[in-house]
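# Summary of structural features
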Amino acid sequence: MAKINAFYGLEQTEFTIIKVKTGSGIQIEIFTTLKGSASTKFVQKFDLIEDTDAYITLDKNTTNLALSDVDNDSNLDVLAPTVDRNGNLRLATYRFNLDLNAFEPYNKETETN
């Protein structure tokens, strides 16, 4: 459904982030690009069960997967808009955790800066 590439971490590792539709909903799949190669390695997956695809507008562009610095930490966060089975709009947001060298769901209420 959608694909974006971005660089994260101290070594500026390239990540490919893909939004795919499955029989149970939407998945966000994250891969790293292996250095010196065109090959990718699966890293993480986030399930948005029973959700369907949705779109947002950022900087006058409509998209269903985006990068934006939501938490103002100078790193781009992954934004994946969806609609749940009750018709409620959701904005799944994932940020890169430097300490874990991995993505994690972002929730402003649980932010620990």
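Presented here is a report on the structure given in the accompanying data block. The shown structure was predicted, so the numbers you read here are calculated from the model rather than taken from an experiment.

## Describing unusual backbone geometry
Even without being a glycine, Lys60 presents a positive backbone phi close to 65 degrees. Tracing the chain through its elements places Lys60 in the loop between β6 (56-58) and β7 (61-63). Backbone geometry places Asn72, a non-glycine residue, at a positive phi of 55 degrees. By secondary structure assignment, the location of Asn72 is in the loop between β8 (66-68) and β9 (77-83). Since its relative accessible area comes to 68%, Asn72 is described here as exposed.

## Some remarks on the pairing of strand β3 (residues 25-33)
Within β3, 9 of the 9 residues are buried, leaving the element largely enclosed by the surrounding structure. Hairpin connection of strand β2 (residues 13-22) to β3: 2 residues between the antiparallel strands. In textbook terms, the turn of a hairpin is the stretch between consecutive antiparallel strands, and for β3 and strand β4 (residues 40-49) this stretch comprises 6 residues, one of which, Gly36, has a positive phi near 70 degrees.

Calculation notes
Residues numbered from 1 in each chain as written. Predicted model: local features only at pLDDT ≥ 70, side-chain atom pairs only at ≥ 80, totals over all residues. Heavy atoms only, no water. Helix = DSSP H or I, 4+ residues; strand = E, 2+ residues; numbered from the N terminus. Buried < 20%, exposed > 50% of the residue type's maximum accessible area, 1.4 Å probe, protein only. Pairing = 2+ DSSP bridges.

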